[in-house]
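Descriptive structure summary
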Amino acid sequence: MISSDTSQGVYAPLCQTMSDSESEEELLHRNHHHARLQPKSGNAVRTPSNLTRIENHLMFSTTEILGNYSNVERGSIPPTWTNTLPERKGMSGVRKALFCASIGLCILVTVAFLWLLPCSDSATCSNGEKGMKTHNWLRDYEKIELKGVINTVAGVQGRGKNLIFMYRSDRVFAEFEDGEHHTNGIISLIGRGGHVAWYDEMPEEPKSIDCTLVDVDKNGQPDCLIVGKMGLLGALDPVSGEWLWHINTRGANSSRIPEDSVDFPLILPDLNGDGVKDLLQIGLSDANQHNSLILISGATGRVLGKSYTVMECESIHRLTIDKDFRINLSCWRNESSVAFSKSLEDLYRLWTNTALKVNILSRPESIEQHRLLGQRKNTENQYNIYPAGGRELIVENRGKCPHHCNMTVRLTDERHNHEVLIKNGTGIYGMVPTSLSLNTTRSAVSGFIVKFWEWTPSSGELFSSRKRREFPEMVRNHTHSPMEPMLRMRVLREVVLMILFNSTDTRVINTSQNNIVQFCLEEHGEEIFCQPDLNYQENSLMIADLDDDGSQELISYYTTFISSDNEKENWRLITYVQLLRLESELAKLSDSDSV
């Protein structure tokens, strides 16, 4: 559910409750009735947009009545009467002018309402607003936690780009929710104002999404591939939010495989000749082992042929394809990992019992793959290098937060043998930065924007001892001890730094600072579940040009719990999403001290 944002006072309810403040895009979504993971008919026809066309038909007619009484006997007509009706004359010039003016006024009013008056953020605006720029906005969305990478997709023509996120609902105080319960799903926000374009629920929590790889419906725009934690794989139209197809690669035994073993599918060439790239996914074999390779049609989501089980492996991960069209993977056997490789031509023969056409493999094609962005979950020592503008930002995280972790962030310039310490300390975690490039009036400026979570030593107040049945089923599945789990509330600080540099100067600017309330479920002193989750927030920054005007916008989000008092019934999960135009905001931030 979406509450009002403090800057604009506009409501955009996630549950789409009708009110006098609803925006047009919400009404369009209300009338859309998305199919909730229902298979899409192969011959179904989808309209490209929800534009409403208004046509005014102006109709008029005239009737002339002519009479001729010349045949009437003269003796029966009084001498003062004539034998015919007077001749009917046409409209005068003044009346014709007024009549034409009235028609022109009607046309002018219609044009004004359709094209000239300012329109809302919905799809009803015409292409005439193409030059309209994105403005700064801040909005909050209740009862959902956004997670993962921010995706930018094309919106309605002439209206700029939209944003797509994965989300999950409140897992801590779910029993206090009223009304419709949105457990998991995908949500799209209109880039220019943050209003909800659409949302779709999923039967399982989404794990990863990529809206850049495959054009499923061949309309010239890539569609979104989505992977769920329990093995669901689907394709979704990013403009309408309709599911194009979906498949479960694990079947009824999906709960037996850890969620971390679910990988994003490998993108393959178009093997079956339908004009859409195909997919290679890992699934369960007949022995319920995670060692089966499944070929999936990118256009329909159907399994092509039969799956192939890699008998040499107990479990397989990290699929890759090289320039020679060989499939490489990590094969786990006897608790150790070994490399495994097989040609795509051999695999296709094993899948379909037919030979792969020679021209498919002879075609020089660079296939873009899903990138694993972010840190490595549950890896205590992480060393990551991010290049930009001839320099490198090194983010090093060590230990396990919040109690035993420390972090160091350095900016290096190898050409001048120069290094700047940006930030370090204990109880701090550095997330994935985003790089920027700005052309100012003085010089070209490059840099990074990076987010940190900082825990205070006193953070970790024991909130309450709650009964296991009070937690949602998904949370209860994390606990294995007969003892009741403990719920702990932590208060931490989120800091966002902007690091700017040119050929002569380096500046570090503190752009924002927010307090975050986090609840963690503990068992035997170990955290087994937290909301908001640190791993979900690692990619919560992105720089993009949403209105295609050559400028850059910073999009960021964070999730917290808020309450007017400390009663558990009043704690509410809320996510804030903010957009800032970097060029206009840089002048406000540049008065900070240089390093």
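Quantities reported herein were computed from a predicted structural model and do not represent experimental measurements.

Now for the overall build of the chain. Regarding its fold elements, the chain presents six helices and 31 strands. For the chain, the residues scored as buried account for 47% of the 595 residues in total. For the chain, contacts bridging at least 24 residues in sequence account for 56% of all contacts bridging at least 6. Of the accessible surface of the chain, which amounts to about 31,100 Å², a share of 51% is contributed by carbon and sulfur atoms.

Quick look at the nonpolar core now. Counting 25 residues, the largest nonpolar core has Leu268, Leu293, Ile327 and Trp351 as its most contacted members. Among the elements that make up this core, the one with the highest residue count is helix H3 (residues 344-352) (four residues). By size, the runner-up hydrophobic cluster in this structure holds 19 residues, among which are Leu146, Phe165, Met542 and Tyr557.

The next subject is the sheet that holds strand S16 (residues 326-333). Taken in spatial order, the three strands make up an open sheet running S15-S16-S17, and their pairing is antiparallel. With partners counted over all chains shown, the strands left at the sheet margins are strand S15 (315-321) and strand S17 (336-343), one partner each. This sheet shows a mean twist of 25° between the axes of neighbouring strands, independent of strand direction. Judged from the five bridges that link them, S15 and S16 form a sheet pairing that is antiparallel. Paired with Ile316 across the strands is Cys331, a residue of S16. Seen against the sheet, H3 touches S15, S16 and S17 and runs at an angle of roughly 85° to S17.

Turning to the environment of His290, a few remarks are in order. With respect to the helices and strands, His290 occurs in the loop between strand S12 (279-283) and strand S13 (292-296). On the accessibility criterion, His290 (5% relative accessible area) is buried. Separated by 42 residues in the primary sequence, His290 and Trp332 have C-alpha atoms spaced 9.9 Å apart.

All right, on to the pattern of salt bridges then. The tally for this structure, following the rule as stated, stands at 20 salt bridges. In this structure, Glu454 engages Lys423 in a salt bridge whose closest nitrogen and oxygen atoms are separated by 2.8 Å. Linking Glu454 in strand S24 (residues 444-455) with Lys423 in strand S21 (residues 418-426), this pair joins segments that are 31 residues apart in sequence. Within the structure, one salt-bridge network assembled from shared partners comprises Lys147, Arg171, Glu205 and Lys229.

Glancing now at the pairing of strand S7 (residues 206-214). With respect to burial, S7 is a largely interior element, seven of its nine residues being buried. The pairing of S7 with strand S8 (residues 223-228) spans five bridges and is classified as antiparallel. Within S8, the position partnered with Pro206 by the bridge is Gly228.

On the secondary structure map, Asn162 appears in strand S4 (residues 161-169). When residues no more than four places from it in sequence are discounted, the contact partners of Asn162 are Asn151, Thr152, Val153, Gly155, Ser188, Leu189, Ile190 and Gly191.

All chains considered together, the criterion is met by four disulfides. Disulfide pairing is shown between Cys520 and Cys530; the S-S distance is 2.1 Å. Here Cys520 and Cys530 share a disulfide; its torsion about the S-S bond, 110°, makes the bridge right-handed. Here Cys530 lies in strand S28 (residues 526-531) and Cys520 lies in strand S27 (residues 506-523), a separation of 10 residues in the sequence.

Each aromatic ring pair is characterised by the separation of its centres together with the angle its planes make. Summed over the entire model, instances satisfying the criterion amount to six aromatic pairs. Aromatic pair Phe519 and Phe561: ring centres 5.0 Å apart, planes at 85°, arrangement edge-to-face. Remark: Phe561 occurs in strand S30 (residues 553-562) and Phe519 occurs in strand S27; sequence separation between them is 42 residues. Taken individually, Phe519 and Phe561 each receive the classification buried, so the pair is uniform in this respect. Between Tyr558 and Tyr576, the ring centres sit 5.2 Å apart and the planes meet at 25°, which makes this aromatic pair stacked. Of this pair, Tyr558 sits in strand S30 while Tyr576 sits in strand S31 (residues 572-581), placing them 18 residues apart in sequence. The same class applies to Tyr558 and to Tyr576, which are both buried.

In this section: the sheet that holds strand S11 (residues 266-267). Taken in spatial order, the four strands line up as S11-S12-S13-S14 in an open sheet, and their pairing is antiparallel. Every other strand in the sheet has two partners, leaving S11 and strand S14 (308-309) as the edge strands with one partner each. By the bridge criterion, two bridges tie S11 to S12 in an arrangement that is antiparallel. Bridge pairing in S12 places Ile267 opposite Leu279.

Pro402 follows Cys401 through a cis peptide bond whose omega is 10°. Within the secondary structure, Pro402 sits in the loop between strand S19 (391-400) and strand S20 (404-413). Here Gln531 and Pro532 are connected by a cis peptide whose omega angle stands at -5°. Mapped onto the elements, Pro532 comes out in the loop between S28 and strand S29 (541-544). Even without glycine at this site, Lys143 takes up a positive phi of about 65°. Along the chain, Lys143 turns up in the loop between strand S2 (137-142) and strand S3 (144-154). Assessed through its relative accessible area of 22%, Lys143 is described here as partly exposed. Of note in this structure, Arg318 is not a glycine but carries a positive phi near 55°. Topologically, Arg318 is positioned in strand S15. According to the relative accessible area criterion, Arg318 is exposed, its value standing at 56%.

Below, the discussion takes up the confidence of the model for the chain. Here the chain averages 76 in pLDDT, and 69% of its residues register 70 or above. In the predicted structure, residues 120-129 sits below a pLDDT of 50 and forms 28 contacts with residues beyond four places in sequence or in another chain.

Time to look at the pairing of S28. Bridge analysis of S27 against S28 gives five bridges, and the strand direction is antiparallel. Bridging across to S28, Cys520 finds its partner in Cys530.

A surface patch of nonpolar side chains, about 420 Å² in accessible area, is lined by Leu105, Leu108, Val109 and Phe113. Along the polypeptide, Leu105 turns up in helix H2 (residues 93-116).

What follows is about the side chain of Asp533. One can find Asp533 in the loop between S28 and S29. For the buried Asp533, which has no salt bridge, the nearest side chain bearing the opposite charge is Arg168, at an N-O separation of 4.5 Å. Polar side-chain contacts of Asp533 include one of 2.8 Å to the backbone nitrogen of Asn535.

What counts and what doesn't
- Residues numbered from 1 in each chain as written.
- Predicted model: local features only at pLDDT ≥ 70, side-chain atom pairs only at ≥ 80, totals over all residues.
- Heavy atoms only, no water.
- Helix = DSSP H or I, 4+ residues; strand = E, 2+ residues; numbered from the N terminus.
- Buried < 20%, exposed > 50% of the residue type's maximum accessible area, 1.4 Å probe, protein only.
- Contact = heavy atoms within 4.5 Å.
- Areas by Shrake-Rupley, 256 points an atom, 1.4 Å probe, with all protein chains shown as cover.
- Core = buried A, V, L, I, M, F, W, Y, C linked by side-chain atoms within 4.5 Å.
- Pairing = 2+ DSSP bridges.
- Axes fitted to C-alpha atoms, helices over the stretch in contact; angles between N-to-C directions.
- Salt bridge = Lys/Arg side-chain N within 4 Å of Asp/Glu carboxyl O.
- Disulfide = S-S within 2.5 Å.
- Phe/Tyr/Trp six-rings, centres within 6.5 Å; stacked < 30°, edge-to-face > 60°.
- pLDDT = per-residue confidence, 0-100.
- Patch = residues over 30% accessible without salt bridge, like charges linked within 9 Å, V, L, I, M, F, W, Y side chains within 5 Å.
- Lys, Arg positive; Asp, Glu negative; His and termini not counted.
- Polar contact = N/O pair within 3.5 Å; in protein donor to acceptor, adjacent residues only side chain to side chain.

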